[in-house]
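# Notes for the structure review
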Amino acid sequence: MSSTAIETLTLDVPGATLTYDVRGTPTVDGAPPLLLIGQPMDAVGFTTLASHFRDRTVVTYDPRGLGRSVRHDGTDVQTPEQQADDVHRLVAALGGGPVDLFGTSGGAVTALCLSTLFPDEVRTVVAHEPPMLGVLPDADRALAAWERVRAVYDERGWGWGMAAFIAMTSWRGEFPEDFGAQSPDPAAFGMPTEDDGSRDDPLLSDAAAAVVRYRPDVAALSASTVRVVPAAGIESSGTLTWRTTEALAEQLGVELAVFPSNHGGFMGGEYGQTGEPEAFAARLREVLAG
């Protein structure tokens, strides 16, 4: 395939300056722009996936405080409502909605929140493995396990916190009451045991607390014109983000869309992760077509 020109732009929003990328031009059939949203991942993670949609306009962006987007509000806390407002302003800068949205991980939470607050701006949202612990039947135990991950990070540093995070997110099935009481050794995952003193990781710090605690307004989503498609990778089956997605689908009364690969299945080597991007993109195209 020939390369697609990328236009990189900035947008001033309250408390931040966002950087975003626009690929391609409007399609002949009038398909709306496709926004690809992650969190705490920035736009780099969508490089491969975007390359499979050269027949339409694709927009990626770095959420405030991540990648190239600079915060001016003196905090590192990320809330779905604030991020949804940022994307709302981004959609306006693109000329207004409706748009199609593929949101993954925390970006799926942003997409669901945007669809609730600004439903006229969204046509279809594909919510890929949103980590919304509150929708689970074992929500109290899941949230307690998450707090133990954060406590380990606060007490012992990044390596120990990430090892605890991996143990939690790879667990299949409901969490037992004492899950995470014993911290796994980070050396077993090839990660450092030393504490470098930093506590600013956007995934492990309390910056992400509002994301994992977000509860979607199921009634509002069901009543809106937005087509919501909960989606999860087949290799994630039974793990935390498969279960949150499955619970969301059940609450909305819609079918769970199964995708190839895993939580990062759309990646083609970004951040050292390689899924099945070609098959993933084909499935996303199929789902967006309805």
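These lines cover the structure that appears in this document, whether it is placed above or below. Everything numeric here is computed off the predicted structure, so don't read it as measured data. (Residues numbered from 1 in each chain as written. Predicted model: local features only at pLDDT ≥ 70, side-chain atom pairs only at ≥ 80, totals over all residues. Heavy atoms only, no water.)

Our focus in this paragraph is the overall build of the protein. Broken down by element type, the protein carries nine helices and nine strands. Against the compact-globule benchmark of 19 Å for 290 residues, the protein has a radius of gyration of 18 Å, which places it among compact chains. Here the protein, with 290 residues, has 52% of them falling under the buried criterion. The long-range share in the protein, meaning contacts at least 24 apart out of those at least 6 apart in sequence, stands at 71%. Carbon and sulfur atoms make up 52% of the accessible area of the protein, which totals about 12,200 Å². Within the protein, one finds 20 positive and 40 negative side-chain charges whose respective centroids are separated by 2 Å. (Helix = DSSP H or I, 4+ residues; strand = E, 2+ residues; numbered from the N terminus. Rg over C-alpha atoms; globule rule 2.2 N^0.38 Å. Buried < 20%, exposed > 50% of the residue type's maximum accessible area, 1.4 Å probe, protein only. Contact = heavy atoms within 4.5 Å. Areas by Shrake-Rupley, 256 points an atom, 1.4 Å probe, with all protein chains shown as cover. Lys, Arg positive; Asp, Glu negative; His and termini not counted. Charge placed at Lys NZ, Arg CZ, Asp CG, Glu CD.)

Looking now at the side chain of Thr-57. With respect to the element layout, Thr-57 can be found in the loop between helix 1 (47–50) and strand 4 (58–62). On the basis of relative accessibility, which here comes to 12%, the residue Thr-57 falls in the buried class.

A word on the packing of aromatic side chains. Within the structure shown, the criterion is met by nine aromatic pairs. Judged by centre distance (6.4 Å) and plane angle (80°), the rings of Phe-46 and Phe-102 are edge-to-face. Within this pair, whereas Phe-46 is found in the loop between strand 3 (34–37) and helix 1, its partner Phe-102 is found in strand 6 (residues 99–104), the two being separated by 56 residues in sequence. Neither Phe-46 nor Phe-102 differs from the other in exposure class; each is buried. (Phe/Tyr/Trp six-rings, centres within 6.5 Å; stacked < 30°, edge-to-face > 60°.)

Our next topic: the nonpolar core. The tendency in soluble globular proteins is for nonpolar side chains to be buried as a group. By size, the foremost hydrophobic cluster in this structure holds 36 residues, and its most contacted members are Leu-35 and Leu-101. Leu-35 has contacts with Val-59, Val-87, Val-91, Leu-94, Val-99, Asp-100, Leu-101 and Phe-102, leaving out every residue within four places of it along the chain. (Core = buried A, V, L, I, M, F, W, Y, C linked by side-chain atoms within 4.5 Å.)

Right, let's talk about the pairing of strand 4 for a bit. Across the five residues that make up strand 4, a large majority, five, are buried. Residue alternation in strand 4 divides its side chains into two sets, Val-58, Thr-60 and Asp-62 and Val-59 and Tyr-61, and both sets are buried. Bridge count between strand 2 (residues 16–23) and strand 4: five bridges; the pairing is antiparallel. For Tyr-20, the partnering residue across the bridge sits in strand 4 and is Tyr-61. Two strands pair when backbone bridges link them, and strand 3 and strand 4 are joined in this way by three bridges, in the parallel orientation. For Leu-36, the partnering residue across the bridge sits in strand 4 and is Thr-60. (Pairing = 2+ DSSP bridges.)

This part takes up helix 2 (residues 80–93). Under the 1.5 Å per step criterion, the end-to-end length of helix 2 is 20 Å for 14 residues, consistent within 8% with the ideal 20 Å. Residues of helix 2 that are buried include every one of Pro-80, Gln-83, Ala-84, Asp-86, Val-87, Leu-90 and Val-91, and no others. Seen from one end, helix 2 has its buried residues packed into an arc of 155°, which puts them on one side. Following helix 2 by one or two positions, Gly-95 has its phi on the positive side, about 115°. (Expected span 1.5 Å × (residues − 1). Arc of directions from axis to C-beta.)

Our next topic: a negative patch on the surface. Residues Asp-76, Asp-154, Glu-155, Asp-196, Asp-200 and Asp-206 make up a contiguous surface patch of negative charge. Relative to the helices and strands, Asp-196 is located in the loop between helix 5 (158–170) and helix 6 (209–212). (Patch = residues over 30% accessible without salt bridge, like charges linked within 9 Å, V, L, I, M, F, W, Y side chains within 5 Å. Salt bridge = Lys/Arg side-chain N within 4 Å of Asp/Glu carboxyl O.)

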